[in-house]
Amino acid sequence: MSRKSITIMAVFLAAVIITAACIILPERQRQLTVGIFAGSNWGVQNDNSYQLIDNAIARFEELHPDIRVTYQSGILRRDYGEWLADNLLENDAPDVFLVPSENFMTLASVGALMRLDGLADRDESFDPGVFYSAALGAGQYDGRLYALPYETDPKLMFVNKSLLAGEGIAMPDNDWHCYDFYQICQQVTCDTDGDGALDQFGSYGFGWQEAVFASHAELFDQNGTMAYFTSDTVTDAISFAKNINRLNQNYSVTAEDYDNGKVAFRPFSFSAYRARKPYSYNAESYTRFEWDCLRLPALRDGYSSTELDTLLYAVNAKTHQRDAAWEFIKFLTTDAETQLDIFRYSHGASPVADITASAEAAQIVDSYMSAGSGGINMQEVNEVLQGAMSPRKFPLYQSAIDMADTQLYHVVHGEKNVQSVLLELQREILDLLKK
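Engineer: Whenever I open this one, the overall build of the protein chain confuses me. Can you help?
Structural biologist: Scanning the protein chain from terminus to terminus reveals 19 helices and ten strands. Scored against the burial criterion, the 435 residues of the protein chain give a buried share of 51%. Surface exposure of the protein chain reaches about 20,700 Å², of which carbon and sulfur atoms provide 49%.

Given below as structure tokens:
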């Protein structure tokens, strides 16, 4: 056989081997790693967190057989922030990871998160309008998008309907005013057993922050360089919270009073209420009276709001799997079945308006509520989320809020003058923001 024939035969055999290998070997998969934590983001018991992500991964891989998604289990919520920071410093962080709200500003400001604006704008299948605006805003920093909302937790006003009925008071409307709130609190606060001490109360847990959101007040500018604690709106809000708490005549209303049906109103997070209903050791107390929920009352007409705590998904700025990572976080945050799983296996609400307002979500939530408790009206939850605010956060935001909380708690629950304390607080916070 000639040398030319041998060469042709060798090339032919090589081609056959390569073709056979392509037929026999599976298509090479892209590897995508995900950072998650065990348990709940909302400080309540949750043993189903892995079920939620496992279901999502299974559905995603079925749609994208060329992508394999893995995650490390066993990282507790309380350890997650440190674990993520360490891995980012060592350039060993996952391609995609959960971002709790308290970590978002720091991670975005130091460049740890990939900007998503370009990917979102080029993706015709992605519609940011499906999210509640406050939830979407939670993933924005300096006007740019760095994360997508995955699960959210609004604060609602829960109402003891049985207590109101016993006092001949109708259930307030969802567009109620702080004047109505105060009048009802004043009417129901009393001594029911005649021993000379108050034992029925208007509210528990209504503090300065609830009043500020009820007034739709802004505490800071967008860049965190200016504070507005001496504005008329904030001053009125703090004064209102003080007046509400004065009705209790120096008695410190407790969670036990609330559980025993002795309190008319309580601001309560959606997640905490859902977690307590079926699992609380004192769950039988909920069958003694019927509760319903409303948005927080408006201190000024048409301006009622609530703060929203949102758990986010972001992409590692140094990932080598940019497109796969984008597809995955888009799927996690917008896929209908995955978002319904939040109601099945977690305690928050979906940031997708059509999911939270759906009949399916209402049915799932109702199935977890204890019998005779009155349940939660998901249409009212939807209305609360529609009007929620995403605080203007910046790197020093939490330090500023903690400083305010320390001083304003004593104002609301004591005899300190509102205006003088706010004036001094304004100076201290401005000094902090200049650092």
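Having put the structure on the table, let's press on.
Engineer: I would appreciate a short explanation of helix H3 (residues 77-89) in the present structure.
Structural biologist: Residues that lie three or four places apart on an α-helix share one face, since the helix turns once every 3.6 residues. Taking 1.5 Å per residue as the helical rise, H3 with its 13 residues ought to reach 18 Å, and the 19 Å between its terminal C-alpha atoms agrees with that figure. Buried within H3 we find Arg-77, Tyr-80, Trp-83, Leu-84, Asn-87 and Leu-88. One side of H3 holds all its buried residues, which, seen down the axis, span an arc of 125°. What points out from H3, more than 90 degrees from its buried face, is the exposed set Arg-78, Glu-82 and Leu-89.

Engineer: When you look at the packing of helix H13 (residues 322-334) against helix H14 (residues 336-345) in this model, what are you seeing that I'm missing?
Structural biologist: The geometry of a pair of packed helices is captured by two quantities: the angle between their axes and the separation between those axes. Close contact between H13 and H14 brings their axes to 5 Å; oriented N to C, the two are set at 55°. As the angle between them shows, H13 and H14 are arranged oblique. Residues Phe-331, Leu-332, Thr-333 and Thr-334 of H13 form the contact with H14, whose own contacting residues are Ala-336, Thr-338 and Gln-339. Considered class by class, the residues forming the contact of H13 with H14 number three nonpolar, four polar and no charged.

Engineer: Which parts of the structure should I look at to understand the pattern of salt bridges?
Structural biologist: Where charged atoms of side chains with opposite charge meet at close range, the side chains can pair. Within this structure, the stated rule accounts for 17 salt bridges. Between Arg-322 and Asp-323 there is a salt bridge, with the nearest N and O atoms lying 3.5 Å from each other. The exposure class of Arg-322 is partly exposed, given its relative accessible area of 39%.

Engineer: Is there a simple way to explain the pairing of strand S10 (residues 308-315) in this structure?
Structural biologist: Where a strand is regular, its side chains alternate between the two sheet faces. Burial runs high along S10: seven of the eight residues are buried. As paired strands, strand S3 (residues 96-99) and S10 are joined by four bridges and run antiparallel to one another. Bridged to Leu-98 within S10 is Tyr-313. Pairing analysis gives seven bridges linking strand S6 (residues 147-160) to S10, with the strands arranged antiparallel. Note on S10: the bridge partner recorded for Pro-149 is Leu-312.

Engineer: What is the right way to look at the nonpolar core in this model?
Structural biologist: For soluble globular proteins, the rule of thumb is that nonpolar side chains tend to be buried together. In terms of nonpolar packing, the biggest core is built from 89 residues, with Phe-97, Phe-104, Tyr-313, Phe-328 and Phe-343 touching the most fellow members. Here the element with the most residues in this core is H13; it accounts for seven residues. When neighbours within four sequence positions are excluded, Phe-328 is seen to be in contact with Leu-32, Val-34, Ile-53, Ile-57, Phe-60, Val-69 and Val-96. Within the second largest apolar cluster, 48 residues are counted, among which are Phe-181, Leu-219, Ala-400 and Val-411.

Engineer: Just to check I follow, could you spell out the environment of Phe-331 for this structure?
Structural biologist: With respect to the helices and strands, Phe-331 occurs in helix H13. Judged by relative accessible area, Phe-331 falls into the buried class, the value being 8%. Apart from residues no more than four positions distant in its own chain, Phe-331 is found in contact with Ala-56, Arg-59, Phe-60, Leu-63 and Thr-338.

Engineer: Would you mind going over unusual backbone geometry with me for this structure?
Structural biologist: Generally, phi is negative for residues other than glycine and the peptide bonds are trans, each holding for most cases. With a phi angle near 55°, Asn-91 is a residue other than glycine that sits in the positive phi range. Note that Asn-91 resides in the loop between H3 and S3. Classification of Asn-91 as exposed rests on a relative accessible area of 54%. Its identity as a non-glycine residue notwithstanding, Gln-249 has a phi of 50°, on the positive side. With respect to the helices and strands, the residue Gln-249 is situated in the loop between helix H10 (232-246) and helix H11 (255-259).

Engineer: I would appreciate a short explanation of the packing of aromatic side chains in the present structure.
Structural biologist: Aromatic ring pairs: the centre-centre distance and the angle between the two ring planes describe each pair. Per the counting criterion, the structure on display carries 27 aromatic pairs. Here Arg-266 stacks its cationic end above the ring of Tyr-258, 4.5 Å away from the centre of that ring.

Engineer: I keep staring at the pairing of S3 and nothing clicks. Help me out?
Structural biologist: Alternating residues of S3 divide into Val-96 and Leu-98 and Phe-97 and Val-99, and every residue in both groups is buried. Both strand S1 (residues 30-35) and S3 contribute to a ladder of two bridges, which runs parallel. If you follow Val-34 over to S3, its bridge partner there is Val-96.

Engineer: Would you take a moment to explain a negative patch on the surface for this structure?
Structural biologist: Among the surface-exposed residues, Asp-79, Glu-82, Asp-86, Glu-90 and Asp-92 lie close enough to one another that they form a single negatively charged patch. Along the chain, Glu-90 turns up in the loop between H3 and S3.

Engineer: Just checking my understanding: could you explain the environment of Asn-248 for this structure?
Structural biologist: You can see Asn-248 is positioned in the loop between H10 and H11. Look at Asn-248 and you get buried, because its relative accessible area is 4%. Excluding its chain neighbours within four sequence positions, the residues that come into contact with Asn-248 are Leu-198, Phe-201, Ser-203 and Val-253.

How each quantity is defined
Throughout this document, residue positions are counted from 1 along each chain, in the order its sequence is written. Only residues with pLDDT of 70 or above have their local features reported here, since the model is predicted, and side-chain atom pairs are shown and tallied only from 80 upward, although totals for entire chains, interfaces and linings are computed over all residues. Side-chain calculation: all heavy atoms of the structure are included, whereas hydrogens and water are not. A run of DSSP states H or I qualifies as a helix once it reaches four residues; a run of E qualifies as a strand once it reaches two. Both are numbered from the N-terminal end. Burial classification: accessible surface area is computed with a 1.4 Å probe over protein chains only, and a residue below 20% of its type maximum counts as buried, one above 50% as exposed, and the rest as partly exposed. Throughout, the Shrake-Rupley method with a 1.4 Å probe supplies accessible areas, and for residues the shown protein chains are the sole cover considered. In this analysis, the expected span of each helix is defined as 1.5 Å times one less than the number of residues it contains. What the arc measures is the spread of directions leading from the helix axis to the C-beta atoms. Between the N-to-C directions of two axes lies an angle of 0 to 180 degrees, each axis being a line fitted to C-alpha atoms and, for a helix, fitted only over the stretch in contact. Oblique is the label for every angle not falling under 35 degrees (roughly parallel), over 145 degrees (roughly antiparallel), or within 65 to 115 degrees (roughly perpendicular). Contacts are residue-level and defined by heavy atoms, with any inter-residue pair within 4.5 Å sufficient. Note on residue classes: Ala, Val, Leu, Ile, Met, Phe, Trp, Tyr, Cys and Pro are nonpolar, Asp, Glu, Lys and Arg are charged, and everything else, Gly too, is polar. Every case where a carboxyl oxygen of Asp or Glu lies within 4 Å of a side-chain nitrogen of Lys or Arg is listed as a salt bridge. Pairing between strands requires that DSSP locate at least two bridges from one strand to the other. Throughout, nonpolar core names a set of buried Ala, Val, Leu, Ile, Met, Phe, Trp, Tyr and Cys residues whose side chains join them through atoms within 4.5 Å. Stacked, edge-to-face and tilted labels apply to pairs of Phe, Tyr and Trp rings (six-membered ring for Trp) whose centres lie within 6.5 Å, assigned for plane angles under 30 degrees, over 60, and everything in between, in that order. Two thresholds decide whether a charge sits over a ring: the Lys NZ or Arg CZ must be within 6 Å of the ring centre and within 35 degrees of the ring normal. For patch building, the residue pool is restricted to those with more than 30% relative accessible area and no salt bridge; the joining distance is 9 Å between like charges and 5 Å between nonpolar side chains (Val, Leu, Ile, Met, Phe, Trp, Tyr). When charges are counted, Lys and Arg contribute as positive and Asp and Glu as negative, whereas His and the chain ends are disregarded. Each charge is placed at NZ for Lys, CZ for Arg, CG for Asp and CD for Glu.

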